[in-house]
Amino acid sequence: MMGWFGFSCLLFGVLLRPSNTQNVVPDAALNCCEGDILLLLDSSGSVSSYEFSRLLRFLSELLLPFSLGQGQVRVGLLQVGTEPHLEFGLDAHSTQPGLQGALQRTRQLQGDTNTEAALILAQGLLARTGAGDETKLPKVLVWLTDGVEPGVVDVPMAELRTAGVSVLAVSTGHGNYQVLRRVVTAPIESHLYFVDIDDISIITEDLREVIIELICAKGLRVVEVSSHSAVLQWRPVLSANTGFYEVHYNSMLPGGGEGQPSGGASSGVQYHRRTLPGDASWIKLSGLQPDTSYTASLTPKSNQDYLNTLSANFTTLPEVLSPAVVTVSDSGPDRVRVSWGPLQPEQVQRYQIEYGALPSGQVHMVMLHGHQNTTLLTGLEQETQYLVTISALYSTGKEKALSVKACTQEVLPALADLQLTPVGRDEVQVRWRGHEEGLRGYWLSWEMGETEIPSRPASSSLYLLPGSLSTLLTHLAPSSRVCVSPVYRTALGEGLCCTTHTQTGLTLRTQTHTHTGLPALYWT
């Protein structure tokens, strides 16, 4: 009798464990969460449809504040039935709307409670890792069950715990307490919950707090490091009314040491201090030196509790001064566009662009504001190589320049005229007129009619020398399209096309001025 009474008191204590809702973690704390949460949901026939719907609603509220995706929190749902069913994997949803919609669409399996088979599948899901340091990320299994005949779960649960998986359990029935306490990870009082299905919402905050403790960083995270800035993130332990934060940061001396505040002038180390409100969860440190090691510390100041100082070290990236990359585009006979990067308007006052024809052409200059990184150079000579130099003038007085060579295109005059004269039923005399300057020849293409040679292609093409102004085409198809384009050193010029219409032995000519879009040169 005494043993039963002690057991009942223990269950009652677990059920009515004091809530931590007065210390609700701000949503900003979830910025520091990164890990995998696998939901193991009892979907067997012993769970009523009403209980199942309440469990899904509970999960929806539990997971709503988390940011999802790679580098944040990944959530998967595995249903327990006669055979386990993976409702969605850890990589399935990277947004809350997607996750919430998937939970709403989840349907109960019914059948037996084969938890053991589901746990074997869970081991494989939580063991899979991608590139990088995902093997070090925390992993949590949340088991939701009515407690009715869960099966032999001790061994697979032990294997999960050995693999570093934190096991939490929520029982909505009168399950075997001894089994459940054996499978969850310590501490049992915060990792095991017995609750009536109608009151399950009262543990939402407590369970979420436990998950946050398991997968959210407790230290000071350094993210978005550049050559002149870095962002510090932390999980809030204060609120706007309970205290404030002090942030200290300074560069580290060679060898990893730090200068003393009193010796800052002689050591060249500058110390910085910032004060932030208690509801802050991040700060951007600006004005840092490139390729420099820094140490930063965060001290929560509270009038209620003593809280430890967090610290982190980081190194800024080497400085990449603009212009580091220059590209040339939109090249034409008298113009080219020049672009450069990276864009650094906070550091660059203006850009100076100098350009001149090689080898000794007149040098021209253009001045641009520091927030611009492209310009169109016009009035250039055709088919000419230019040397273009972009110089960045920094507010510190520093200057950096980068030069590239850019070429304008040659002028490609269009074909002046094209005429077709009928000679026979399937023969046409083709005459044309072009511009001689820079001309390398002409390119003709036309459609063939039916011939005695089955393998003969349906169309043909021909290259003619610059002095050729006419040619005779035979075996033309009815309504054949004949095109002629001038050929220049670098490309084809705009050509003309005419269509022949054979009627009672006569060929009528229609002419259209179009780009032929002919292929590269080849002999036929």
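The protein chain appears in an unreviewed UniProt entry as von Willebrand factor A domain-containing protein 1 from Oncorhynchus kisutch. Checking UniProt for the protein chain, the heading Subcellular location (unreviewed entry) contains the comment "Secreted, Extracellular space, Extracellular matrix, Basement membrane". Taken directly from UniProt, the Function (unreviewed entry) text for the protein chain runs: "Promotes matrix assembly. Involved in the organization of skeletal muscles and in the formation of neuromuscular junctions."

Colleague: It is not clear to me how helix α3 (residues 96-105) should be interpreted in this structure. Could you clarify?
Modeller: Think of an α-helix as turning once every 3.6 residues; residues three or four places apart then point the same way. For α3, the full list of buried residues reads Q96, L99, Q100, G101, A102 and L103. In this structure, the buried side of α3 is in contact with α2 (49-63), β2 (73-80) and β3 (85-88). Structurally, the start of α3 carries an N-cap: the backbone nitrogen of G98 is 3.3 Å from a side-chain oxygen of T95.

Colleague: I'm lost on the sheet that holds strand β16 (residues 348-357) in this one. Help?
Modeller: In sheet architecture, strand pairing relies on hydrogen bonds along the backbone and comes in two forms, parallel and antiparallel. Read from one edge of the open sheet, 4 strands run β17-β16-β19-β20, paired in antiparallel fashion. Whereas interior strands pair on both sides, the edge strands pair on one side only; in this sheet they are β17 (364-369) and β20 (399-407). Geometrically, the sheet is characterised by an average inter-axis angle of 20 degrees between neighbouring strands, direction not taken into account. Pairing geometry for strand β19 (residues 385-394) and β20, over 9 bridges, is antiparallel. By the bridge assignment for β20, T389 is matched with S403.

Colleague: Would you mind showing me how to read the nonpolar core here?
Modeller: Here is a general trend for soluble globular proteins: nonpolar side chains tend to be buried in one another's company. By size, the foremost hydrophobic cluster in this structure holds 37 residues, and its most contacted members are I37, F66, V75, V142, L207, I211 and I215. At the level of elements, β1 (35-42), α2, β2, α3, β4 (139-145), β5 (165-171) and α8 (204-215) are the ones that each hand at least two residues to this core. For this core, the leading source of residues is α2, giving 7 residues.

Colleague: Could you clarify how one ought to interpret the side chain of S229 in this entry?
Modeller: Position of S229 among the secondary structure elements: in the loop between β7 (221-223) and β8 (230-233). Looking at S229, the relative accessible area reads 12%, which means it is buried. Here the side chain of S229 touches S226 through a polar contact of 2.8 Å, side chain to side chain. With near-sequence residues (within four places) excluded, S229 lies in contact with E224, K284, L285, S286 and L288.

Colleague: Got a minute to help me understand the pattern of salt bridges in this structure?
Modeller: Pairing between side chains of opposite charge can happen when the charged atoms of each approach one another. Considering all chains together, one arrives at 11 salt bridges under this definition. R221 is the salt-bridge partner of E34, the closest N and O atoms lying 3.8 Å from each other. Residue E34 is located in the loop between α1 (2-15) and β1, and its partner R221 is located in strand β7; the two are separated by 187 residues in the primary sequence. Among the residues examined, R221 registers a relative accessible area of 23% and is labelled partly exposed. The partner of D334 in a salt bridge is R335, with the nearest N and O atoms 3.3 Å apart. Taking relative accessible area as the criterion, R335 reaches 35% and is therefore assigned partly exposed. Linked by salt bridges that have partners in common, D36, R74, D91 and K139 make up one network.

Analysis parameters
Residues numbered from 1 in each chain as written. Predicted model: local features only at pLDDT ≥ 70, side-chain atom pairs only at ≥ 80, totals over all residues. Heavy atoms only, no water. UniProt positions renumbered as here; feature names shortened; annotations may be inferred. Buried < 20%, exposed > 50% of the residue type's maximum accessible area, 1.4 Å probe, protein only. Helix = DSSP H or I, 4+ residues; strand = E, 2+ residues; numbered from the N terminus. Contact = heavy atoms within 4.5 Å. Polar contact = N/O pair within 3.5 Å; in protein donor to acceptor, adjacent residues only side chain to side chain. Pairing = 2+ DSSP bridges. Axes fitted to C-alpha atoms, helices over the stretch in contact; angles between N-to-C directions. Core = buried A, V, L, I, M, F, W, Y, C linked by side-chain atoms within 4.5 Å. Salt bridge = Lys/Arg side-chain N within 4 Å of Asp/Glu carboxyl O.

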